[in-house]
Amino acid sequence: MLLDKFNNYVKQNKLCTPEDKVLLTVSGGVDSMVMLSLFARSGYNIGVAHCNFQLRGIESDEDEVLVEKEAQKYNVPFYNIRFDTQGELEKSSESLQMVARRLRYAWFDQLCSEHGYTHIAIAHQADDSVETFFINLIRGTGLRGLTGINVVNGKLIRPLLFSPRKEIVEYAISNDIHYREDSSNSSTKYLRNKIRLGIVPRIREISPNFTDTMTANVERLTDTQKFIDRQIDDIRNEVVEVHDGQTVINVSKIDEKLPLQFVLFELMYNYGFNGEVIDNVYHCLIAANGTGKRFYSRENVAYIDRGKVVITSIPDDDDCCVEVTNEMDHVRACGFLFTLEHFDADDIDKLNVADNVAFLDEDKLQYPLKIRRWSEGDSFMPLGMTGRKKVSDFLINKKISIPDKKRQLVVLSGDDLVWLVDRRIDDRYKVEKTTERVLKITKVIR
């Protein structure tokens, strides 16, 4: 019975006690509505928090009404908030998912502070963890990314990770629990849905017990990562020094019998560097030709100095400049991945695309292009406008936050700014009727 499994899982993993105050994040979907039922039937001290992101019109409002009614049924506190998600998205360089995540978790923390909640319960279940495994496998996050979703992460607890979606739906049906199906769950626009709707069902045709098998595999990988973490802590204590705002990795102190590339990944990933960048650091170390080169994450820069890897926050005067040749199909700049594609103009169906994509008249471009942080003197001719405009004034008019201003990137052709990344291309480089070749630049959102 799901209720018994739930209580055993909570106790075995020491997720919470009856004395704790647990804030349940309830969207109205089957997972969170079942989580509310299980907590309420088990006698825990709970409250319900619901976020209305106002992205699906009447559907979002109907979700809100259902969750409030369910909270009233169980006679537990109900908290609701409506976010101007679209407005926040327009002010940010983040993806929609990241904006929504930032908004909701900031509000959850606020509720905990105001009402004394000690835990925040998220309704991720076993299938979610399996899907996360495949997402991270595709993205190349290494072993750490293959450990699925953490059961506990600070205040956050995930008390349904033991249960596959099938059991949760069966519980909802047998207990007459009303829930709503998010229409976006049937869209293959998002990577998770492509895996959920495309890959996983085909694997289940081969292995009907796939979720149970994968859950066991993820648990074993998690134990393996815990063991590695313990060993890496010992290595870190031996080879890493932190002083004056710098982290210095003394590579020569790392045991030669250990896989250096792997150890570097484990020591550097916490600073935001991805596997591709860390691999580049490793190859430069091995070839002894990395002096003077800089390697970026979104917030930090690493460089090689006499066999040591030095990591520090990106200085305000560091433009993170990288060159882009017409032979490249991707490049990383300041921790962001850009892809480059070349088309004949006749092959372009539409130019009305997302802000993270730019279509440019390639015959007007001068290679190598440059991608860097914007600087105070930058100006351009925004698409649809006449005359030049300073980037600083453009960002102010768009009410871009100070942190996002600091991270703002630009693409340059010669001395011309051709794309204010995520904002606007330069009108002089737009695709017109006379355009023959098109360069498509995409800032990959993850």
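Residues numbered from 1 in each chain as written. Predicted model: local features only at pLDDT ≥ 70, side-chain atom pairs only at ≥ 80, totals over all residues. Heavy atoms only, no water.

Draft legend 1. Here's a closer look at a negative patch on the surface. On the surface, a cluster of negative charge is made up of Asp-344, Asp-346, Asp-347, Asp-349 and Glu-436. Along the chain, Glu-436 turns up in the loop between strand 21 (424-425) and strand 22 (437-443). Classification of Glu-436 by relative accessible area gives exposed; the value is 58%. (Patch = residues over 30% accessible without salt bridge, like charges linked within 9 Å, V, L, I, M, F, W, Y side chains within 5 Å. Areas by Shrake-Rupley, 256 points an atom, 1.4 Å probe, with all protein chains shown as cover. Salt bridge = Lys/Arg side-chain N within 4 Å of Asp/Glu carboxyl O. Lys, Arg positive; Asp, Glu negative; His and termini not counted. Charge placed at Lys NZ, Arg CZ, Asp CG, Glu CD. Helix = DSSP H or I, 4+ residues; strand = E, 2+ residues; numbered from the N terminus. Buried < 20%, exposed > 50% of the residue type's maximum accessible area, 1.4 Å probe, protein only.)

Draft legend 2. Structural detail: helix 11 (residues 275-287). Relative to the 18 Å expected for 13 residues at 1.5 Å per residue, helix 11 spans 18 Å between its end C-alpha atoms, a close match to the ideal helical length. If you follow the buried residues of helix 11, they end up packed against helix 10 (260-268), strand 9 (294-296), strand 10 (300-305), strand 11 (308-313) and strand 13 (330-333). Where helix 11 begins, the capping side chain belongs to Asn-274, and its oxygen is found 3.3 Å from the backbone nitrogen of Glu-276. Positive backbone phi, approximately 55°, marks Ala-288, located one or two places after helix 11. (Expected span 1.5 Å × (residues − 1). Contact = heavy atoms within 4.5 Å. Polar contact = N/O pair within 3.5 Å; in protein donor to acceptor, adjacent residues only side chain to side chain.)

Draft legend 3. View of the packing of helix 6 (residues 126-139) against helix 8 (residues 191-206). Helix 8 packs onto helix 6 with a crossing angle of 105° between their chain directions and a minimal axis gap of 10 Å. When the interaxial angle is binned, helix 6 and helix 8 end up roughly perpendicular. Mapping the contact onto sequence places Asp-127, Asp-128, Glu-131, Thr-132, Phe-134, Ile-135, Ile-138 and Arg-139 in helix 6 and Leu-191, Arg-192, Ile-195, Arg-196, Ile-203 and Arg-204 in helix 8. A breakdown of the residues in the contact of helix 6 with helix 8 according to their chemical character gives six nonpolar, one polar and seven charged. (Axes fitted to C-alpha atoms, helices over the stretch in contact; angles between N-to-C directions. Parallel < 35°, antiparallel > 145°, perpendicular 65-115°, else oblique. Nonpolar A, V, L, I, M, F, W, Y, C, P; charged D, E, K, R; others polar.)

Draft legend 4. Broad picture of the pattern of salt bridges. Under the counting rule described, the total for this entry stands at 31 salt bridges. Put simply, Asp-61 and Arg-82 hold a salt bridge, and the shortest N to O gap is 3.5 Å. One end of the pair, Asp-61, is in helix 3 (residues 58-73); the other, Arg-82, is in strand 3 (residues 78-82), with 21 residues separating them in the sequence. Residue Asp-61 is classed as partly exposed on the basis of its relative accessible area, which comes to 29%.

Draft legend 5. Just the packing of aromatic side chains, in detail. Using the criterion set out here, one finds 12 aromatic pairs in the structure. Pairing Tyr-105 with Phe-108 gives two aromatic rings, centres 5.6 Å apart and planes at 90°, and the pair type is edge-to-face. Highlighted residues: Tyr-105 and Phe-108, both in helix 5 (residues 96-115), separated by three residues, approximately one helical turn. When the ring of Phe-380 is compared with that of Phe-394, the centres are 5.6 Å apart and the planes differ by 70°; the resulting orientation is edge-to-face. Within this pair, whereas Phe-380 is found in strand 17 (residues 379-380), its partner Phe-394 is found in helix 12 (residues 391-397), the two being separated by 14 residues in sequence. Looking at Phe-380, the relative accessible area reads 0%, which means it is buried. (Phe/Tyr/Trp six-rings, centres within 6.5 Å; stacked < 30°, edge-to-face > 60°.)

Draft legend 6. Examining unusual backbone geometry more closely. For the bond running from Tyr-367 to Pro-368, omega is -5°, close enough to zero to count as cis. Here Lys-14, not a glycine, exhibits a phi torsion of approximately 50°, which is positive. As for its placement among the helices and strands, Lys-14 is situated in the loop between helix 1 (2-12) and strand 1 (21-25). Positive phi is not limited to glycine here, since Arg-306 has a value of about 50°. Note on placement: Arg-306 falls in the loop between strand 10 and strand 11. Residue Arg-306 is classed as exposed on the basis of its relative accessible area, which comes to 74%.

Draft legend 7. Up close: the packing of helix 10 against helix 11. At a minimum axis distance of 9 Å, the contact between helix 10 and helix 11 shows a crossing angle of 130°. Taken as axis vectors, helix 10 and helix 11 run oblique relative to one another. Classified by chirality, the crossing of helix 11 by helix 10 is right-handed. Of the residues in helix 11, those touching helix 10 at Leu-260, Gln-261, Leu-264, Phe-265 and Met-268 are Gly-275, Ile-278, Asp-279, Val-281, Tyr-282, His-283, Leu-285 and Ile-286. (Left-handed = near helix turned anticlockwise from the far one by under 90°.)

Draft legend 8. Examining the pairing of strand 19 (residues 409-413) more closely. Within strand 19, five of the five residues are buried, which leaves it mostly tucked inside the rest of the structure. Neither face of strand 19 is open: one carries Leu-409, Val-411 and Ser-413, the other Val-410 and Leu-412, and all of them are buried. In this structure, strand 16 (residues 369-373) lies alongside strand 19, joined through four bridges in antiparallel fashion. In the strand pairing of strand 19, Arg-373 is matched with Leu-409. (Pairing = 2+ DSSP bridges.)

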